Every structure is written in structure tokens, then in C-alpha cells.
Amino acid sequence: MPFPQITSRPPSSVDALRRLTGLRWLSLAGMSTVLISVPWLLDIPLPAPPLFKILLALTAFNVVSLLRARQLADEIRGIELFIQLCVDLTAWSTFLYFTGGATNPLISLLLPLVAIGAAILSGPYAWALAALAVAAYSILWDFNEQLDIYDSGLAVHWHLAGMWLTFALSAGVIVWYVVRMSAVIRSRDQALAEAREARLRNARIVALGNLAAGAAHELGTPLGTMAIVAGELARNPQLDDNTRADAELLREQITHCKAILGGLTLRAGSLRAEGGQTLPADAWLKGITERWRSLRPRVPLATRIDCGHPAPNLVADATLEQAIHNLINNAADACPQGVECEARIDAEQLVVAVLDRGPGMPAKLQTGHTALDSTGEGLGIGLLLAFGAVERCGGGIAFAPRPGGGTLATLTLPLSALSP
């Protein structure tokens, strides 16, 4: 599972406008159903001309609103959403005026409009919409066009049936809209939590950067002294060949340490580090593995790199190189007998897999939310830096148990983030 990325965004007024246009199509469908079915099924004549005009006017308004919602990229003001709901309230009130007013059971459909307004409008606008709905209900109580119903007993029966239907419709619309809004709010809360986690992790990385700068300054002198002593030991004729070889290896490793500390002062930690050198993907990865072998020559590293022919060119990012080094280091710490590294291009992504036959990764680390190393004993700085470097490029790191024992660490990077 890749490290979670922040893909959600908070609900916007443009999203609310789009949902309103969708609900308005349902309103138009309901009005059309009433206009067509009531005279046919209930034998109740309806004033078709004014009702058709309401349908046409509301349809035209919704088409304009839909086009505006598709063109908008920025937030819209609350007054516009309030006007949108007022138009719906006016359309339904006028429709009810010609179909019996407050005696029409469809008057309960004014309630979902109030509920939607309470969900998307600020307090003053929501209360104003509720007051307008109550005023419309009150006016329709006395001012309306009564319908000609010949059978009063049948009229009462159909009135009760209509009340049940409008109650069911109102409950369905309110639940549907509130559930949608609640889901969006939960997504926003999750995005905020992930953003806070990323900010804390970045703060730790900045602190580590300051620590690295201080370490580079403080460790320079003792490393220089160690290099001189190791060189003198390697040139001592009284030592046997094995001891002299060990001293020479020690001097080489001290030289690597000095080079790493010097590089810490040059790296800015950005995506394109140290000049932005462009290399083929396979050459870049081979260079990374060769440099790792020079740092830990006693741990066998088997590599399989297949980036296509020709391999795509990538910007050689020093921070990503260090991230791959850290993953291989963790595998080598868990399994000194040997590790494997595989790299390939898959679906416009660079995939680097590091495999070992060690004791396995702790369960917490498989989720990508902790900073332990493979052995569970280290400080976890390597993985912390690896996660930070990969996430800045839009990639992720996943850990999984390897079949047969051990751990599989998979690093994925979008090629677009590394393209020249």
C-alpha cells in the first residue's frame, strides 16, 4: 500500500452549485410527472399553460446554472447559492399556487429546500430561506387556485396518499444530501489530518537538516585524523596482508564519509538537486547500486534493472538516491547475507523493489506510518528521510512480507516528476 497522499479537498461552493443543479433536474422531473399523471390517473384537471411556463422557465434557469458551474474555477459567494435556492422556492410556490396551494400534499417538498439551505448556506442566509419558506406556506394557505375534484371521498384518499409520497420523497432527498455532505466533510477531515502529519514530518526533516549541517562541520576534523591514522597503518610494513587490507578498506570508507558530509553542505533538498544532471534511468540506477556496493562491500547485492530500450532520461536527484540507499541499507541490516534490488518502468512509473530474507518488517511499518528500521532497533532517520524525499515527488513507499520470509520494500515514482 503506498504511503497515503493528500487527494481530497474541502467541499467548495462550486460543488454545492453543481449538486443544486442536479437536484433541480429531479424537481423538474417531479413537476412533469405531476403535470402528466394527475389528469390521467386521478381525473383531476390541471391548468397546463401556466404550469408548462414554470417548467420551461426553471429548465432554462437550470441550464444557465449548469453552464456557469462548469466554467467556474473559483469559489462563488453565498448570496448566489441563496438566490439559487430562492428560485427553486419560487418555482415550487408558483407551481403549488396553481395546484391547490396549502391543500396540495406536495407542499411538503418545500422542507428539503430548507434542509439543503441549512447545509450549504451561512447562518443568516439559512434563516432567511427558512423564513421565506414559512411565508410562502402561509401565503399559499389563503391564496391559491383550487382544483376541481368531483369525488370528495376520493379526494381525501388521494390527499393522504400524496402526503405519504411527499413525506417519503422529502426524507429521501434530505438523507441523500446530508449523507453526501457528511462524506465530503469526513474526506476533508482526513485530508487535514494527513496534512498535519505531513507538516510534522517535514518539520522533523528540517530539524534533521540542521543537525546534518552541524554534524558535517563537527565531524570533519576527527574524520581527517582517522584518515591519516588509517593511511599510516596501511603503509606499515610490519602488518600482515589481511590487516593491511582492512586498514586500506577503513581509509576508503573514511573517504566516503568525508564525501558524504561534504555533499550535505551542497544539497538544498529540492527535487532537482546539485545541477539537475540528466541521465538515462538505467544508468542512474546502476550508479546508485554501484555507489552502495562501495560503501558496504561485504554485503552481496544482486540487481535486475529493466527500464526499456532506450531507457527514459531522468533528472538525477540526490535526495532520491539517498532514499534508495536507505531502503537497501535497511534490507542489508536485516539480512547481511545478501539483498536484491529490482527496478523497472511500469505504467509511467519508476518502480524500485528491495528484497531481503531477514526476520520481516514490524506490522506497524507495513502501513508506512512509523519510522522504525527493518530491525526495529534503529532511530528510523533513514526511512523518515526516504518517505519525505519520495513524497515530494508524488511517489510512495510500501512494505509487504516477502513470500518465503523476509521483506519486500517497493518505491514508486511518477516519471513526470523526474522528467527533464
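Residues numbered from 1 in each chain as written. Predicted model: local features only at pLDDT ≥ 70, side-chain atom pairs only at ≥ 80, totals over all residues. Heavy atoms only, no water.

Some words on helix α8 (residues 281–295)
Along an α-helix, a turn takes 3.6 residues, which lines up residues three or four apart on a common side.
Thinking step 1. Its 15 residues place the ends of α8 22 Å apart at the C-alpha level, agreeing with the 21 Å of an ideal helix rising 1.5 Å per residue.
Thinking step 2. Within α8 the residues assigned to the buried category are Ala 281, Trp 284, Leu 285, Gly 287, Ile 288, Thr 289 and Trp 292. (Helix = DSSP H or I, 4+ residues; strand = E, 2+ residues; numbered from the N terminus. Expected span 1.5 Å × (residues − 1). Buried < 20%, exposed > 50% of the residue type's maximum accessible area, 1.4 Å probe, protein only.)

Points about the pattern of salt bridges
Thinking step 1. Here the structure, examined in full by the defined rule, presents eleven salt bridges.
Thinking step 2. Here Arg 188 makes a salt bridge to Asp 189, at a shortest N to O gap of 3.8 Å.
Thinking step 3. Here Arg 188 falls in the partly exposed class, since its relative accessible area comes to 28%.
Thinking step 4. On the basis of relative accessibility, which here comes to 39%, the residue Asp 189 falls in the partly exposed class.
Thinking step 5. Across the pair Arg 402 and Glu 340 runs a salt bridge whose closest N-O atoms are separated by 3.0 Å. You can see Arg 402 sitting in the loop between β6 (396–401) and β7 (407–414) and its partner Glu 340 sitting in strand β4 (residues 339–345), a full 62 residues away along the chain.
Thinking step 6. Residue classification places Glu 340 among the partly exposed residues on the basis of a relative accessible area of 22%.
Thinking step 7. Each of Arg 304, Glu 340, Glu 342 and Arg 402 takes part in one network of salt bridges that share partners. (Salt bridge = Lys/Arg side-chain N within 4 Å of Asp/Glu carboxyl O.)

Remarks on the confidence of the model for the chain
Thinking step 1. Put simply, the chain has an average pLDDT of 78, and 80% of its residues get 70 or more.
Thinking step 2. Taken together, the stretch residues 1–11 has pLDDT below 50 and engages in 27 contacts with residues farther than four places along the chain or on a different chain. (pLDDT = per-residue confidence, 0-100. Contact = heavy atoms within 4.5 Å.)

Thoughts on the packing of helix α3 (residues 78–97) against helix α4 (residues 110–120)
Thinking step 1. Remark: α3 packs on α4, axes separated minimally by 10 Å, with the N-to-C direction vectors making an angle of 175°. Classified by the angle between their axes, α3 and α4 sit roughly antiparallel to one another. Counted together, Leu 81, Leu 85, Asp 88, Leu 89, Trp 92, Ser 93 and Leu 96 of α3 and Leu 110, Leu 113, Ile 116, Gly 117 and Ile 120 of α4 form the full contact between these two elements.
Thinking step 2. Broken down by class, the residue content of the contact of α3 with α4 amounts to nine nonpolar, two polar and one charged. (Axes fitted to C-alpha atoms, helices over the stretch in contact; angles between N-to-C directions. Parallel < 35°, antiparallel > 145°, perpendicular 65-115°, else oblique. Nonpolar A, V, L, I, M, F, W, Y, C, P; charged D, E, K, R; others polar.)

Thoughts on the sheet that holds β7
Thinking step 1. If you walk across this open sheet you meet the five strands as β2-β4-β5-β7-β6, and the pairing is mixed. Each edge of the open sheet is held by one strand with a lone partner, namely β2 (301–306) and β6. With direction set aside, neighbouring strand axes in the sheet form an average angle of 15°.
Thinking step 2. Relative to strand β5 (residues 349–356), β4 runs antiparallel, the two being bridged by six bridges. Paired with Glu 340 across the bridge in β5 is Leu 355.
Thinking step 3. Across the sheet, α8 touches β2, β4 and β5, and the angle it forms with β2 is around 175°. (Pairing = 2+ DSSP bridges.)

Quick notes on the pairing of β4
Thinking step 1. In terms of strand pairing, β2 meets β4 through six bridges, oriented parallel. When the sheet's bridge partners are listed, Ile 305 is paired in β4 with Ala 343.
Thinking step 2. Between β4 and the antiparallel strand that follows it, β5, lie three residues; Ala 347 among them carries a positive phi value of about 55°.

A closer look at the environment of Leu 109
Thinking step 1. Position of Leu 109 among the secondary structure elements: in the loop between α3 and α4.
Thinking step 2. Exposure remark for Leu 109: the relative accessible area of 14% places this residue in the buried category.
Thinking step 3. Residues Leu 109 and Ser 27, spaced 82 residues apart in sequence, show a C-alpha to C-alpha distance of 9.3 Å.
Thinking step 4. With residues near it in sequence (within four places) discarded, Leu 109 still touches Trp 92, Thr 166, Leu 169 and Ser 170.

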